[in-house]
Amino acid sequence: MKTKRWRWRRFWLYLLTPVAAVVLIVTAWTWWAEENPQKERELRVQLHEELQQRFPEHMTLPESRRGFVPRTGERDPDRPPDVILIHGLDEPGDIWDDLVPVLDAAGVNAWEFRYPNDQAVDRSTDLLADYWPELPADHDVILIGHSMGGLVIRDFVSRWRHPADDDPAVDGARVKGTVLVGTPNHGSEWARLRVWLGLREFFASIPDDDFSLFTSLQEGTGAAKIDLRPGSDFLTNLNARPWPEEVPVRIIGGILGGPDRDVIDGISSIATELDAEEWPRDFESWWFGLGEELGDGVVPVDSLSLAGAPPPAMVSASHRGMLSRTLVSDEEPPAIPIIMDLLAEWQVAEDAGG
């Protein structure tokens, strides 16, 4: 009996020892990474570069997921874009599906720039600069970015195409205006949880012909999440860089919806019974403060603003809900009409001959 019991104990010892080792390693790495974010970033960038050199065929994104891709369906494919759309971190590619038909109907030719969206942000910007000369220099464009895509736009405009204190470092189209939708200009703590975004993107790619075991690594090794953290070196440098006066920038932000009407009525009813008239007012004040902190659920309101830019146009929506319907029956995402008004203000349709 003792021998049998010892065998079971030994079995569990053999099973749990490697699990404990893994937990210890992960804990140690997490602690070190929290204390040394910039060194972690350097290691992740170095790993990505090493993988690209060793496995170039497997680490190169398919053509459908890199560079400029025409999105509107009724435009001449040889006509240059009026608008370039830039998605954010670990985005599987459908964030623009509700905006594109509206642009198409307005006669606005839209292209999308696709890139390894989990690599360091400045590397994505450099890749955009590599592709930029493909655009004709005599046709201005508008840049629209969602989430981290807005940071790519800011980095590109202020460092490559329209540096405020220097000559352009890249030829091609002039940027006529920029729209940043849900962009964490001062960072987002939610980026620490980007593993869940990576899983969403990974599973979204399974039905595609370009799926492979290298899919997640093709997008980068996680350096972007460090750039997105409040106070990161990347954001510190970006926010210290002057923005060119000739390029207008507009910001759209989301804030999660207010409390359900039944909740408000219930609190009011209880307050009346308890003779606590201040309860509804205190609750609304607490909810508003909570909404400011949560913002769109990913980017807090105070992370949206930029020095010299107009105050953000706020809509009641989640981070993706600003641009994307959850259900086909949902109403038009609230950022879309604001974007269309801005394009009209900048006369994109007129320039396009629409």
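Residues numbered from 1 in each chain as written. Predicted model: local features only at pLDDT ≥ 70, side-chain atom pairs only at ≥ 80, totals over all residues. Heavy atoms only, no water.

Engineer: I would appreciate a short explanation of the overall build of the protein in the present structure.
Structural biologist: The helix and strand inventory of the protein stands at 14 helices and seven strands. Expressed as a percentage of contacts within the protein between residues at least 6 apart in sequence, the contacts between residues at least 24 apart total 81%. Surface exposure of the protein reaches about 18,800 Å², of which carbon and sulfur atoms provide 56%. (Helix = DSSP H or I, 4+ residues; strand = E, 2+ residues; numbered from the N terminus. Contact = heavy atoms within 4.5 Å. Areas by Shrake-Rupley, 256 points an atom, 1.4 Å probe, with all protein chains shown as cover.)

Engineer: Help me out: how do you make sense of unusual backbone geometry in this one?
Structural biologist: Only a minority of non-glycine residues have a phi that is not negative, and only a minority of peptide bonds are not trans. The phi torsion at S147 lies on the positive side, around 55°, for a residue other than glycine. Position of S147 among the secondary structure elements: in the loop between β4 (141-146) and α6 (148-161). Look at S147 and you get buried, because its relative accessible area is 12%. (Buried < 20%, exposed > 50% of the residue type's maximum accessible area, 1.4 Å probe, protein only.)

Engineer: What exactly am I supposed to notice about the pattern of salt bridges here?
Structural biologist: Where side chains of opposite charge bring their charged atoms close, a pairing between them can arise. One pass over the structure, following the stated rule, counts 11 salt bridges. D82 is the partner of R79 in a salt bridge, and the nearest nitrogen-oxygen pair spans 2.7 Å. For R79, a relative accessible area of 23% corresponds to the partly exposed category. Among the charged side chains, a salt-bridge network with shared partners connects R71, D97, E112 and R114. (Salt bridge = Lys/Arg side-chain N within 4 Å of Asp/Glu carboxyl O.)

Engineer: Honestly, the pairing of strand β6 (residues 249-255) in this entry has me stumped. Any pointers?
Structural biologist: The two faces of the sheet receive side chains in turn, since in a regular strand these alternate between them. Of all seven residues in β6, six are buried, a share of seventy percent or more. Note: strand β5 (residues 175-181) against β6, four bridges, orientation parallel. Residue pairing in the sheet places T178 in a bridge with V249 of β6. Of the strand pairs in this sheet, β6 and strand β7 (residues 313-316) are connected by four bridges, and their pairing is parallel. (Pairing = 2+ DSSP bridges.)

Engineer: Looking at this structure, how should I read the sheet that holds strand β3 (residues 110-114)?
Structural biologist: Strands belonging to one sheet form pairs held by backbone hydrogen bonds; the direction of such a pair is parallel or antiparallel. Spatial ordering of the open sheet is given by β1-β3-β2-β4-β5-β6-β7, a layout of seven strands whose pairing is mixed. The open sheet has two edge strands, β1 (67-70) and β7, and neither has a second partner. Averaged over all pairs of adjacent strands, the angle between their axes in this sheet comes to 25°, without regard to strand direction. Where strand β2 (residues 83-86) and β4 come together, four bridges link them in parallel fashion. From the neighbouring strand, V83 faces β4, where its bridge partner is I142. Where helix α5 (residues 121-131) meets the sheet, its contacts fall on β1, β2 and β3, and the angle it forms with β3 comes to roughly 130°. (Axes fitted to C-alpha atoms, helices over the stretch in contact; angles between N-to-C directions.)

Engineer: Explain the nonpolar core here, please?
Structural biologist: Note that soluble globular proteins tend to have their nonpolar side chains buried in a common cluster. With 38 residues, the main nonpolar core has F68, W132, L143 and F156 as its most contacted residues. Elements with a minimum of two residues in this core: β2, β3, α5, β4, α6, β5, α10 (233-240) and β6. The leading source of residues in this core is α6, at six residues. When sequence neighbours within four positions are dropped, the list of residues in contact with W132 reads F68, I84, V141, L143, F156, R161, V170, D171, G172, A173 and V175. By size, the runner-up hydrophobic cluster in this structure holds 25 residues, among which are W96, I142, M322 and L323. (Core = buried A, V, L, I, M, F, W, Y, C linked by side-chain atoms within 4.5 Å.)

Engineer: It is not clear to me how the confidence of the model for the protein should be interpreted in this structure. Could you clarify?
Structural biologist: Do not read the fine detail of predicted coordinates wherever pLDDT is low. Within the protein, residue pLDDT values average 78, and 63% of them lie at 70 or more. Across residues 194-207, confidence stays below pLDDT 50; counting only partners more than four residues off in sequence or on other chains, it has 25 contacts. When the criterion is pLDDT under 50, residues 259-264 qualifies, and its contacts beyond four places in sequence or with other chains add up to four contacts. (pLDDT = per-residue confidence, 0-100.)

Engineer: Which parts of the structure should I look at to understand the pairing of β3?
Structural biologist: Burial of β3 is extensive: five of the five residues sit out of reach of the surface. Side chains A110, E112 and R114 of β3 all project onto a buried face; the interleaved residues W111 and F113 project onto the opposite face, where all are buried too. The sheet contact formed by β1 and β3 spans four bridges and is antiparallel. From the neighbouring strand, P70 faces β3, where its bridge partner is W111. With four bridges connecting them, β2 and β3 associate as parallel partners. Note on β3: the bridge partner recorded for I84 is W111.

Engineer: Even after reading the chapter, I still don't get the packing of aromatic side chains, so can you show me in this structure?
Structural biologist: Describing an aromatic ring pair means giving the distance of the ring centres and the angle of the ring planes. Within the structure shown, the criterion is met by seven aromatic pairs. Relative to W111, the ring of F68 has its centre 6.2 Å away and its plane inclined at 50°; by these criteria the two rings are tilted. Here F68 is found in strand β1, whereas its partner W111 is found in strand β3, with 43 residues between them in sequence. Residue classification places F68 among the buried positions, given a relative accessible area of 13%. Ring centres of F68 and Y131 lie 6.1 Å apart, and the angle between their planes is 75°; this geometry places the pair in the edge-to-face category. In this pair, F68 sits in strand β1 while Y131 sits in helix α5, placing the two residues 63 residues apart along the sequence. Y131 shares its class with F68; the two are buried. The rings of F68, W111, F113, Y115, Y131, W132 and F156 are connected pair by pair, giving a single aromatic cluster. (Phe/Tyr/Trp six-rings, centres within 6.5 Å; stacked < 30°, edge-to-face > 60°.)

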